[in-house]
Amino acid sequence: MFETLTKAPADKILALMGEFAADPRKEKIDLGVGVYKDEAGITPIMTSVAKAEQRMNASAKTKTYVGISGNKGFNAAVRELVFADTVPAGRTRIMQAPGGTGALAVLMELLYRAKPGATLWLSNPTWPNHAPMAKHAGFKVDSYPYFDTKTRAVDFPAMLAALDKLGPNDIVLLHGCCHNPTGANLTNEQWDQVAASFKRTGAFPLIDLAYLGFGDGLEADGYGTRAVVNAVPESVVAFSGSKNFGLYRERVGAAIVVARDEAQADIANSQLMNIARVTYSQPPDHGAEIIRTILEDKDLRAEWETELATMRNRMIRLREKLSEAIKAKSNSADFDFIAAHRGMFSLLGLPGEAVENLKTGSGVYMIGDSRINVAGIPEDRVGDLADAILATIK
Ligand code: PLP
Ligand code: TYF
């Protein structure tokens, strides 16, 4: 059987996690995988999550099947979190999915069933799992300009010009906020222009919303998604609860479909449920029940929002500290972009050799494209990190 196969390529980000773990050096710094870490360097269970779990333990009565669409209270709460009352509920359907990745997978398959001849456009660059997933679904994959490697900001004129050339046979994956890997994001005015472009061209938006609340706040980070979804007759959103609720291993996310009308919404939803049924049948409930419990309870929700703000503000503070340290040591504003970026990542724009030297020489681990996870920066080592980065570009 398996003699017909060759080894599949490893996921470079997940492979780096293993390399870091195996490095015996005490002073090593992990800026690799996109997992939030607190000042102690650990990825904690949020207090609101722990409290929700306690309540669940005290009240749960059954482990019977939850149903193909998953936890209905979770689905309703996520719709409200992502859209508030800006999108008509009648045209919206939500299916809980195993993580943001699971949501992307079922949505891509749904879109492929609907339009197998379409091209799926990804930002250049994008999360390394996007292209393999799109190809796995069957799509032709292409990319639109996104990052300006000189300014380390979005090359918006180039992005908009590329989107303006698309049409109804094109699906465009957008990062709803906190772009991975670059950290460079659109302003609200630019989101409005992107939304108007989709309206003009008839291209189809697929929004990956994996970091809601990690950039500038829940409301601010949802702006782009709402602007685009409200400008067009139909769109889909892949929501992840991995980062903003710290529920990575519980695998909780949601596939959201906004259709032209209720009848098409029902058809799309039945296809989504069919895709789930023939692959994993039903999503795991635990993470979804945690999120439902938090979002439906006024006090727990307030506590979660405070914890989320603490994580977000810590990442913003670390951005400011690192860019200031580099500026003070180099007398140049070349790394000011780190403070302007938002979310968990910044793409530093270092050559591959520098990334390798940082790892072997200084024990500083980042992704090969020079993406850093700012949450991994130890606050008391910002100076060391600035020195190490500057040493590679001398
Ligand atoms: N999309 C992006 C851009 C991501 O960075 C991630 C990272 O984890 C995901 C989707 C999927 O998240 P998960 O499947 O862990 O919920
Ligand atoms: O980009 C990251 O680091 C996160 C975590 O296949 C991740 O999104 C990385 C790779 C992967 C799944 C999740």
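None of these values were measured; they are calculated from a predicted model. Residue positions within a chain follow its written sequence, with the count starting from 1. All chains are assigned letters beginning with A, and all ligands numbers beginning with 1, in the order in which they are written. Two thresholds apply to this predicted model, a pLDDT of at least 70 for residue-level local features and 80 or more for giving and counting side-chain atom pairs, whereas whole-chain, interface and lining totals are computed over all residues.

**Student:** What is the right way to look at the confidence of the model for the protein chain in this model?
**Tutor:** As a note on interpretation, predicted positions should not be read in detail where pLDDT is low. pLDDT: the predictor's confidence for each residue, scored from 0 to 100. For the protein chain, the mean per-residue pLDDT works out to 97, and 100% of the residues sit at or above 70. Reported confidence for the predicted complex is 0.97 by ipTM and 0.97 by pTM.

**Student:** Please explain the UniProt feature "coiled-coil region" (unreviewed entry) in the protein chain as it appears in this structure.
**Tutor:** This chain's UniProt record puts "coiled-coil region" (unreviewed entry) on residues 301–328. As annotated, residues 301–328 has a helix share of 100% and a strand share of 0%, and its two end C-alpha atoms lie 40 Å apart. UniProt positions are given in the numbering used here, feature names are shortened, and annotations may be inferred rather than shown by experiment. Counting from the N terminus, the helices are the DSSP runs of H or I reaching at least four residues and the strands are the DSSP runs of E reaching at least two.

**Student:** Can you help me understand the UniProt feature "domain: Aminotransferase class I/classII large" (unreviewed entry) in the protein chain in this one?
**Tutor:** In the numbering adopted here, UniProt assigns the feature "domain: Aminotransferase class I/classII large" (unreviewed entry) to residues 27–389. Annotation note: span residues 27–389, helix share 47%, strand share 15%, distance between end C-alpha atoms 15 Å.

**Student:** Could you clarify how one ought to interpret the site of ligand 1 in this entry?
**Tutor:** Among the 13 residues in the neighbourhood of ligand 1, the closest are listed as Gly99, Gly100, Thr101, Ser240 and Ser242. When residues of the shell around ligand 1 are assigned to their parent elements, the largest contribution, 3 residues, is made by helix H4 (residues 99–114). In the shell around ligand 1, the residues fall into 3 nonpolar, 9 polar and 1 charged. We call a residue near a molecule or strand when the C-beta position, derived from backbone atoms, sits within 6 Å of it. Residue type decides the class: Asp, Glu, Lys and Arg count as charged, Ala, Val, Leu, Ile, Met, Phe, Trp, Tyr, Cys and Pro as nonpolar, and the leftover types, Gly among them, as polar.

**Student:** Looking at this structure, I do not really get the sheet that holds strand E9 (residues 235–240). What am I missing?
**Tutor:** Taken together, the 7 strands give an open sheet; going across it, the order is E2-E10-E9-E8-E7-E3-E4, and neighbouring strands pair in mixed fashion. Only two strands of the sheet have a single partner each, and these edge strands are strand E2 (92–97) and strand E4 (140–145). Strand-to-strand, the axes of this sheet are offset by a mean angle of 20°, without reference to chain direction. At least two DSSP bridges between two strands are required for those strands to pair. The pairing of E9 with strand E10 (residues 253–258) spans 6 bridges and is classified as antiparallel. If you follow Val236 over to E10, its bridge partner there is Val257. Here an angle of 0 to 180 degrees is reported between the N-to-C directions of two axes, which are lines fitted to C-alpha atoms, with helices fitted over the stretch in contact.

**Student:** For this particular structure, what's the right way to read the nonpolar core?
**Tutor:** In summary, soluble globular proteins display a tendency toward joint burial of nonpolar side chains. Throughout this description, the term nonpolar core refers to a group of buried Ala, Val, Leu, Ile, Met, Phe, Trp, Tyr and Cys residues whose C-beta atoms join them within 7 Å. We call a residue exposed when 12 or fewer other C-beta atoms sit within 10 Å of its C-beta, buried when the count reaches 20 or more, and partly exposed for counts in between; the C-beta positions come from the backbone. The biggest cluster of nonpolar side chains holds 113 residues, and the ones touching the most others in it are Val106, Leu107, Val172, Ala255 and Ile256. In this structure, this core is formed jointly by two domains, domain 1 (7–45 + 310–392) and domain 2 (50–298), each of which donates at least three residues. In this document the domain limits rely on a domain assignment from an automatic tool or a database.

**Student:** Please clarify how helix H7 (residues 188–201) should be interpreted in this entry.
**Tutor:** In an α-helix there are 3.6 residues to a turn, and that puts residues three or four apart on one side. Given a helix with a known number of residues, its expected span is that number minus one, times 1.5 Å. Spanning 14 residues, H7 covers 20 Å between terminal C-alpha atoms, matching the ideal 20 Å at 1.5 Å per step. Each element contacted by the buried residues of H7 is listed here: helix H6 (156–164), strand E8 (204–209) and helix H9 (223–231). One or two residues past the end of H7 sits Gly202, with phi positive at roughly 80°. Any residue pair is listed as a contact if its two C-beta atoms, each placed from the backbone, are within 7 Å.

**Student:** Which parts of the structure should I look at to understand the domain arrangement of the protein chain?
**Tutor:** Many structure descriptions define interface size as the accessible area lost when the parts assemble. Here the protein chain is partitioned into domain 1 (7–45 + 310–392) and domain 2 (50–298). Just the C-alpha atoms count here: the centres of domain 1 and domain 2 sit 27 Å apart. Counting from both sides, the interface comprises 21 residues of domain 1 and, opposite them, 24 residues of domain 2. If you tally residues by element for the side of domain 1 that touches domain 2, the top one is strand E11 (residues 345–347), at 3 residues.

**Student:** What am I meant to see in the site of ligand 2 here?
**Tutor:** In the neighbourhood of ligand 2, the contacting residues comprise Asp11, Ile13, Leu14, Val33, Gly34, Trp127, Asn129 and Asn180. Looking at which domains feed residues into the shell around ligand 2, each of domain 1 (7–45 + 310–392) and domain 2 (50–298) gives three or more.

**Student:** What should I look at first to understand the environment of Gln193 in this one?
**Tutor:** Of note, Gln193 is situated in helix H7. A sequence separation of 46 residues divides Gln193 from Phe147, and the C-alpha atoms of the two residues are 17 Å apart.

**Student:** I keep staring at the packing of H7 against H9 and nothing clicks. Help me out?
**Tutor:** The axes of two packed helices give the description: the angle between them and the distance between them. Across the interface, H7 lies against H9 with an axial gap of 8 Å and an inter-helix angle of 25°. With respect to H9, the element H7 is oriented roughly parallel. The chirality of how H7 crosses H9 is right-handed. The residues of H9 that touch H7, namely those facing Asn188, Trp191, Asp192, Val194, Ala195, Ala196, Phe198 and Lys199, are Tyr223, Gly224, Ala227, Val228 and Ala231. Here the residues of the contact of H7 with H9 sort into 9 nonpolar, 2 polar and 2 charged. Put simply, angles under 35 degrees are roughly parallel, angles over 145 are roughly antiparallel, angles from 65 to 115 are roughly perpendicular, and the rest are oblique. Crossing handedness is read from the near helix: turned anticlockwise from the far helix by less than a right angle, it gives a left-handed crossing, and turned clockwise, a right-handed one.

**Student:** Looking at this structure, how should I read the packing of helix H11 (residues 286–296) against helix H12 (residues 298–330)?
**Tutor:** One way to put it is that H11 packs onto H12 with a least axis distance of 5 Å and a crossing angle of 105°. Considered as vectors, H11 and H12 are oriented roughly perpendicular to each other. Where H11 abuts H12, its residues Thr293, Ile294 and Leu295 lie against Leu300, Arg301 and Trp304. Taken together, the residues of the contact of H11 with H12 break down into 4 nonpolar, 1 polar and 1 charged.

**Student:** Explain the pairing of E9 to me, please; I cannot follow it from the model alone.
**Tutor:** Each regular strand shows side chains that alternate between the opposite faces of the sheet. Most of E9 is tucked away: 6 of the 6 residues are buried. Every second residue of E9 is oriented toward a common face, with Ser235, Val237 and Phe239 on one face and Val236, Ala238 and Ser240 on the other, all of them buried. Looking at chain direction, E8 and E9 are connected through 4 bridges and run parallel. Across the sheet, Leu209 pairs through a bridge with Phe239, a residue of E9.

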